[in-house]
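What follows is the residue order along each chain.
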Amino acid sequence: MDQLPLPLEGITVVAVEQAVAAPFATRQLADLGARVIKVERVDGGDFARGYDTAARGLASHFVWCNRGKESVALDLKDPRGLAVVRRLVAGADVFVQNLAQGAAARLGLDAATLCAAHPRLVAVDISGYGAGGPYADKRAYDMLVQCEAGLVSVTGTPEQPVKAGIPAADIAAGMYAFSGVLAALVRRGATGRGGPVEVSMLEALAEWMGHPLHHALHGGTAPQRTGLAHAVIAPYDAYPTADGGRVLLSVQNDREWRRLAAQVLERPELGEDPAFATNAARVAHRARTDALVGQALGGLDADEAVRRLEAAGIACARLRDVHELAGHPQLAARERWREVGSPVGPLRALLPPITLPGGEEPRMGDVPALGEHTGAVLRAVGMTDDEIAALRRDGVVA
């Protein structure tokens, strides 16, 4: 049977984007076959290009979020640069922007304006807090939104709240923008009309806060910060092993506790001990419970601890660092690593987690240099080499 094509083959996306939220969304579209034209500033491009130089001289955020795109560098403050974007949008299926609040509207590139002019267009506005309300014009960076959404309040230790170690607000907004585009394209297939899509970082992350939010709304209290432990289950924590590793285990019910006590702790009597026999009792005596588990695992190396826990049917995991993730045996066994091109040569990258068996593999294109595709894209919309050269001389394109 012939392979199915990538699902977004033939879809063109124009993105006036920066940082993480919008670039992460449009990278998902590119991976699934869409042509993504990334519009960047002429003076340095997407400012995420300058976050660091960790990826062999390139910024790690930029490498992560921008493979498979065509980079066009334009000065949107110049009417000629803005006119180029309008020509690109006229031939596009999707437009995505995450400029500062109000900037897109001033340029006439907000979703409502563009969809009124192009009824089949799906146009996405990504913002920090949404178009209205008292926070509409507030600056919205990932860590700030993590704080406003309450994520920081439930992450960390009892003594110290901490932010998530990844840009959770940006990722949440990016994924809802991605799924919003897919939903709008399905609707367009049925109705012939695209329409605006609005996503705010606060609302996206607030949705991800559903468990602690409902716990507080309906139970009256917010879950406590417990580090790697679970607020309402014990034992559920990471424990040191003899070789300096850490193994996290989770006992979900009292049957599992009895197996843990007999097969790993080698103290079967603890399975029926009233101080530990139920989850409520183990939570009430959490320090004693953790001490018993810690003593048992502390005498084993990490591999042996995992082997015993798995033999007993206890859910467990190695506490890995980022380098260990890069060498994870499961990712290697499932052949999830590929190489993508970049201005500094090939870079390792993971296949996207959406797997479509029977279809083409996701298109993991090159990470573009700033303005790498400007000339080709402008010629494709009908501009002559002389016109392009004149724009270059005037600094309107790069």
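Just so we're clear, the structure is a prediction, and the values are computed from it rather than from any experiment.

Chemist: For this particular structure, what's the right way to read the sheet that holds strand E5 (residues 122-127)?
Modeler: Two pairing modes exist for strands in a sheet, parallel and antiparallel, and in both the strands are linked by backbone hydrogen bonds. Read from one edge to the other, the open sheet built from six strands follows the order E3-E2-E1-E4-E5-E6, with strand pairing classed as parallel. At either end of the open sheet lies a strand with only one pairing partner, and these are strand E3 (69-73) and strand E6 (195-200). Strand-to-strand twist of the sheet, defined as the mean angle between neighbouring strand axes without regard to direction, takes the value 20 degrees. Where strand E1 (residues 12-16) and strand E2 (residues 35-40) come together, five bridges link them in parallel fashion. Across the sheet, Thr12 pairs through a bridge with Arg35, a residue of E2.

Chemist: How should I be thinking about the layout of surface pockets in this particular structure?
Modeler: Rolling a probe over the atoms, with the probe sized like a water molecule, indicates the empty space that remains. As a volume, the largest pocket reaches approximately 1,200 Å³. If you trace the largest pocket, you find 31 residues lining it, with Ser60, Trp64, Trp337, Arg348 and Leu350 closest to the centre. Looking at the lining of the largest pocket, the elements that each hand over two or more residues are helix H1 (21-31), helix H2 (60-65), helix H7 (168-191), helix H14 (322-326) and strand E11 (347-350). Each residue belonging to the lining of the largest pocket can be placed in one class, and the counts come to 22 nonpolar, four polar and five charged. There is about 700 Å³ of room inside the second largest pocket. The wall of the second largest pocket is formed by 32 residues, among which Ala19, Phe47, Ala140, Tyr141 and Met201 lie closest to the centre. The set of elements that each furnish at least two residues to the lining of the second largest pocket consists of E5 and helix H6 (142-148). In terms of residue count, the dominant contributor to the lining of the second largest pocket is H6 (three residues). Taken together, the residues that form the lining of the second largest pocket break down as 17 nonpolar, nine polar and six charged.

Chemist: Explain unusual backbone geometry to me, please; I cannot follow it from the model alone.
Modeler: Going from Ala234 to Pro235, the amide bond is cis rather than trans, its omega being -5 degrees. With respect to the helices, strands and loops of the structure, Pro235 is situated in the loop between helix H9 (210-219) and strand E7 (236-240). For Arg56, which is not a glycine, the phi torsion comes out positive at approximately 55 degrees. Along the polypeptide, Arg56 turns up in the loop between E2 and H2. Located in the positive-phi region is Glu266, a residue other than glycine, with phi close to 60 degrees. Summarising the element assignment, Glu266 is placed in the loop between helix H10 (254-263) and helix H11 (279-284). Glu266 sits in the exposed class, given a relative accessible area of 56%.

Chemist: Hey, could you run me through the pairing of E7 in this one?
Modeler: Bridge count for E7 against strand E8 (residues 246-250) is five bridges, and the pairing is antiparallel. Following the sheet pairing, Asp237 is matched in E8 by Leu249. Between E7 and the antiparallel strand that follows it, E8, lie five residues; Gly244 among them carries a positive phi value of about 90 degrees.

Chemist: When you look at the pattern of salt bridges in this model, what are you seeing that I'm missing?
Modeler: When the charged atoms of two side chains with opposite charge come close together, those side chains can pair. On inspection of all chains with the given rule, the structure shows 20 salt bridges. Here Lys38 ties to Asp46 by a salt bridge, and the two come within 3.0 Å at their closest N and O atoms. Judged by its relative accessible area of 0%, Lys38 is buried. Each of Glu17, Lys38, Asp46 and Lys69 takes part in one network of salt bridges that share partners.

Chemist: Any chance you could explain the packing of H7 against helix H8 (residues 201-208) here in plain terms?
Modeler: In a packed pair of helices, the relevant descriptors are the angle between the two axes and the axis-to-axis distance. Where H7 meets H8, the closest approach of the two axes is 8 Å, and the angle between their N-to-C directions is 95 degrees. Our classification of the angle between H7 and H8 gives roughly perpendicular. On H8, the residues touching Ala168, Ala169, Asp170, Ile171, Ala172, Ala173 and Tyr176 of H7 are Met201, Ala204, Leu205, Glu207 and Trp208. Residues of the contact of H7 with H8, tallied by class, amount to ten nonpolar, no polar and two charged.

Chemist: What should I look at first to understand the packing of H1 against H7 in this one?
Modeler: Taken N-terminus to C-terminus, the directions of H1 and H7 make an angle of 40 degrees; their axes are 7 Å apart at the nearest point. With respect to each other, H1 and H7 are oriented oblique. Considering the relative orientation of H1 and H7, their crossing is right-handed. Of the residues in H7, those touching H1 at Ala21, Phe24, Ala25, Gln28 and Leu29 are Asp170, Ile171, Ala173, Gly174, Met175, Ala177, Phe178, Val181 and Leu182. Partitioned by chemical class, the residues of the contact of H1 with H7 number eleven nonpolar, two polar and one charged.

Chemist: It is not clear to me how the sheet that holds E8 should be interpreted in this structure. Could you clarify?
Modeler: Across the sheet, three strands lie side by side as E7-E8-E9; this open sheet has antiparallel pairing. Two strands in the sheet have a free side with no partner beyond their single neighbour: E7 and strand E9 (315-318). Pairs of neighbouring strands in the sheet enclose a mean axial angle of 25 degrees, with direction left out of account. Bridge count for E8 against E9 is four bridges, and the pairing is antiparallel. Looking across to E9, one finds that Ser250 is bridged to Ala315. Contacting E7 and E8, helix H12 (residues 286-298) runs over the sheet at an angle of about 40 degrees to E7. Of the strands in this sheet, E8 and E9 touch helix H13 (residues 302-311), which is tilted by about 165 degrees from E9.

Scoring rules and cut-offs
- In this numbering scheme, every chain counts its residues from 1 along its sequence in written order.
- Where local features are concerned, this predicted model is filtered to residues with pLDDT of at least 70; where side-chain atom pairs are given and counted, the filter is 80 or more; whole-chain, interface and lining totals use all residues.
- Side-chain numbers here rest on the full set of heavy atoms in the structure, without hydrogens or water.
- For two strands to be treated as a pair, DSSP must find no fewer than two bridges joining them.
- Elements are defined by DSSP. Helices are runs of H or I of four residues or more, strands are runs of E of two residues or more, and each kind is numbered from the N terminus.
- Axes here refer to lines fitted to C-alpha atoms; in helices the fit is confined to the stretch in contact. Angles between the N-to-C directions go from 0 to 180 degrees.
- Computed over the protein atoms alone on a 1 Å grid, cavities are sets of points where a 1.4 Å probe fits but cannot get out and pockets are open sets with protein on both sides within 12 Å along at least five of seven lines; a residue lines them when it has an atom within 4 Å of a point.
- Grid points are joined across faces, edges and corners, and a volume is the space filled by probe spheres set on the points.
- By the convention adopted, Pro, Cys, Tyr, Trp, Phe, Met, Ile, Leu, Val and Ala count as nonpolar, Lys, Arg, Asp and Glu as charged, and the other residues, Gly among them, as polar.
- The buried label goes to any residue with under 20% of its type's maximum accessible area, the exposed label to any with over 50%, and the partly exposed label to all in between, with areas taken from a 1.4 Å probe on protein chains only.
- Should a side-chain nitrogen of Lys or Arg be within 4 Å of a carboxyl oxygen of Asp or Glu, the pair is scored as a salt bridge.
- Roughly parallel refers to an angle under 35 degrees, roughly antiparallel to one over 145, roughly perpendicular to one between 65 and 115, and oblique to any angle outside these ranges.
- Between two residues, a contact is recorded if the distance between any of their heavy atoms is within 4.5 Å.
- In this scheme the handedness of a crossing depends on how the near helix is turned from the far one: anticlockwise by less than a right angle means left-handed, clockwise means right-handed.

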